[in-house]
There are 2 protein chains.
Amino acid sequence: MIEDFLHVGITCRDLERSIRFYETLGLSVVSRIGEVEEADLGRVFGLPKGHLAVVHLAPPAATSKLFIDLVQWLEPPPIGESYPMLNHVGINRFALRVSNIDATVTALRERGVRFLSDAPGTIGEGIRSIVTVDPDGVFVQLVEWL
Amino acid sequence: MIEDFLHVGITCRDLERSIRFYETLGLSVVSRIGEVEEADLGRVFGLPKGHLAVVHLAPPAATSKLFIDLVQWLEPPPIGESYPMLNHVGINRFALRVSNIDATVTALRERGVRFLSDAPGTIGEGIRSIVTVDPDGVFVQLVEWL
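In this text, all values refer to a predicted model and were calculated from it rather than measured experimentally.

So, about the interface of chain A and chain B. Contact with chain A, which involves 78 residues of that partner, is made by 78 residues of chain B. Roughly 7100 Å² of surface becomes buried between chain A and chain B when both sides are summed, with 62% attributable to carbon and sulfur atoms. When the area that chain A buries against chain B is broken down by residue, the three leading residues are Ile-2, Phe-5 and Ile-91 of chain A, summing to 13%. The residue Glu-3 of chain A makes a salt bridge to Arg-97 of chain B at a minimum N-O spacing of 3.1 Å. Joining chain A to chain B, the criterion identifies 44 residue pairs in polar contact (both at pLDDT 80 or more). Elements represented by at least two residues in the side of chain A that touches chain B include exactly β1 (2–11), α2 (39–45), β3 (51–58), β4 (67–75), β5 (90–98), β6 (121–123), β7 (127–133) and β8 (139–145) of chain A.

Note on the copies: chain A fits chain B at an RMSD of 0.0 Å, the axial shift is 0.0 Å, and the rotation between them is 180°. The transformation relating the two chain copies, once decomposed into turn and shift, fits a two-fold axis. Considering only C-alpha atoms, the residue of chain A closest to the rotation axis is Ser-64 of chain A, which sits at 2.1 Å. Both copies contact each other with a shared surface, as 100% of the interface residues of chain A are interface residues in chain B too.

The subject of this paragraph is the pairing of β4 of chain A. Residue and element names in this part refer to chain A. Counting buried residues along β4, seven of its nine residues qualify, which places the element largely inside the surrounding structure. By the bridge criterion, five bridges tie β1 to β4 in an arrangement that is parallel. Within β4, the residue paired with His-7 across the bridge is Phe-67. In the sheet, β3 pairs with β4 via seven bridges, with the strands oriented antiparallel. Directly across from Val-55, in β4, lies its bridge partner Leu-70.

Let us look at the nonpolar core. Counting 98 residues, the largest nonpolar core has Tyr-22 and Phe-94 of chain A together with Tyr-22 and Phe-94 of chain B as the members making the most contacts within it. Setting aside residues no more than four positions away along its own chain, Phe-94 of chain B makes contact with Phe-5, His-7, Val-8, Gly-9 and Ile-91 of chain A together with Val-8, Ile-10, Tyr-22, Ile-68, Phe-139, Val-140 and Gln-141 of chain B.

Another point: the confidence of the model for chain A. Mean pLDDT over chain A works out to 96, with 100% of the residues at or above the 70 mark. Interface confidence for the predicted complex, given as ipTM, is 0.96, next to a pTM of 0.97.

Moving on to helix α3 (residues 101–110) of chain B. Side chains of residues three or four places apart in an α-helix project in the same direction, reflecting 3.6 residues per turn. Residues and elements named next belong to chain B. Taken together, the buried positions of α3 are occupied by Ile-101, Thr-104, Val-105 and Leu-108. All buried residues of α3 lie within an arc of 95° about the axis, which places them on one face of the element. Residues of α3 that are buried sit in contact with α1 (15–25), β5 (90–98), β7 (127–133) and β8 (139–145).

All names here are of chain B. Looking at the secondary structure, you find Thr-132 in strand β7. Here the side chain of Thr-132 touches Arg-114 through a polar contact of 2.6 Å, landing on its backbone oxygen. Thr-132 has contacts with Phe-21, Leu-25, Val-113, Arg-114, Phe-115, Val-138, Phe-139 and Val-140, leaving out every residue within four places of it along the chain.

What follows is about the packing of aromatic side chains. Overall, the coordinates contain 11 aromatic pairs over all chains when judged by the stated rule. Taken together, a centroid distance of 6.1 Å and an interplanar angle of 45° make the contact between Phe-5 of chain A and Phe-94 of chain B tilted. Of the two residues, Phe-5 of chain A is situated in strand β1 and Phe-94 of chain B in strand β5; the pairing between them involves two chains. Each member of the pair, Phe-5 of chain A together with Phe-94 of chain B, is buried. Measuring from centroid to centroid gives 6.0 Å for Phe-45 of chain B and Trp-73 of chain B, while their planes differ by 50°, and the two rings are tilted.

In space, the eight strands of this open sheet follow the order β2(A)-β3(A)-β4(A)-β1(A)-β5(B)-β8(B)-β7(B)-β6(B), with mixed pairing throughout. A strand with exactly one partner marks an edge of an open sheet, and here the two such strands are β2 (28–37) of chain A together with β6 (121–123) of chain B. Between one strand axis and the next, the sheet turns by 30° as a mean value, whatever way the strands run. Two strands pair when backbone bridges link them, and β7 of chain B and β8 of chain B are joined in this way by seven bridges, in the antiparallel orientation. When the bridges of β8 of chain B are listed, Val-133 of chain B appears paired with Phe-139 of chain B. Each of β1, β2, β3 and β4 of chain A is contacted by helix α1 (residues 15–25) of chain A, which is oriented at about 165° to β4 of chain A, the strand it contacts most. Contacting β1 of chain A together with β5, β7 and β8 of chain B, α1 of chain B crosses the sheet at an angle of about 155° to β7 of chain B.

This part takes up the pairing of β7 of chain B. Residues and elements named next belong to chain B. Counting buried residues in β7 gives five out of seven residues, a clear majority hidden from the surface. Here β6 pairs with β7 via three bridges, running antiparallel. What sits directly across from Gly-121, in β7, is Ser-129. Counting the residues between successive antiparallel strands, the hairpin from β6 to β7 contains three residues, one of them, Gly-124, with a positive phi of roughly 65°.

Conventions we followed
- Residues numbered from 1 in each chain as written.
- Chains lettered and ligands numbered in written order.
- Predicted model: local features only at pLDDT ≥ 70, side-chain atom pairs only at ≥ 80, totals over all residues.
- Heavy atoms only, no water.
- Contact = heavy atoms within 4.5 Å.
- Buried area = accessible area lost by both parts, 1.4 Å probe.
- Salt bridge = Lys/Arg side-chain N within 4 Å of Asp/Glu carboxyl O.
- Polar contact = N/O pair within 3.5 Å; in protein donor to acceptor, adjacent residues only side chain to side chain.
- Helix = DSSP H or I, 4+ residues; strand = E, 2+ residues; numbered from the N terminus.
- Least-squares fit on C-alpha atoms with pLDDT ≥ 70 in both.
- Buried < 20%, exposed > 50% of the residue type's maximum accessible area, 1.4 Å probe, protein only.
- Pairing = 2+ DSSP bridges.
- Core = buried A, V, L, I, M, F, W, Y, C linked by side-chain atoms within 4.5 Å.
- pLDDT = per-residue confidence, 0-100.
- Arc of directions from axis to C-beta.
- Phe/Tyr/Trp six-rings, centres within 6.5 Å; stacked < 30°, edge-to-face > 60°.
- Axes fitted to C-alpha atoms, helices over the stretch in contact; angles between N-to-C directions.

What follows is the structure in structure tokens.
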């Protein structure tokens, strides 16, 4: 039986570079798994090998128990580029709930984080949102949901 | 301040077809938002328009409050194909925590759900996992974490 969401799986090209980005955003490393090499991993994922480096990240105040399963594939190496547009078929973004989005965006801009729009937009009733991009081009949406 | 994860955003080509798949998997529609058309949505997402149809889905027993933000873009229409491989850069999968993965997989196979491998594999200590694919090719990992 399906109980709950467990994680969002992101494949990056440079684990340390991505960790720095998500830490700047306000997430923390909750588990530094390190290198994993298991035949079953390749089999389950439909790949010839299963050799990767893994870190789990989550917002420090989160109660959902969800985490980002941040993976740098070693064998086989990572391929391709992340989706270039937000209307691209697939998992093209994940969202983080934030309090005080204006202050959050201002603070993140001061730390060098860039956004797709100048300011948060209003979507529906009481939803304010803005989108940033991780070092591999992964879209990360910040949402204030009043 | 970032509080928690909010959702996983999936763009599909056919909303009803994807709803049927996720309901077969065991998720439920928690909110049928319907069509949304807002200029701010296009601006925030870096797209010329913001016209889409949206449904939120989650496992009925979930306590995380997370949901899938399942989107069918209308203007602009959806583009491209989902990542073909699990070592592709980007958000190439999300994971659901399941109890009794063997019985879950057997039950899902009887409902026509297909998996990348014949049986769940063992990854690390106490983690058993298998991967299925949604109608657009999005990888969905099931994980039993003992």
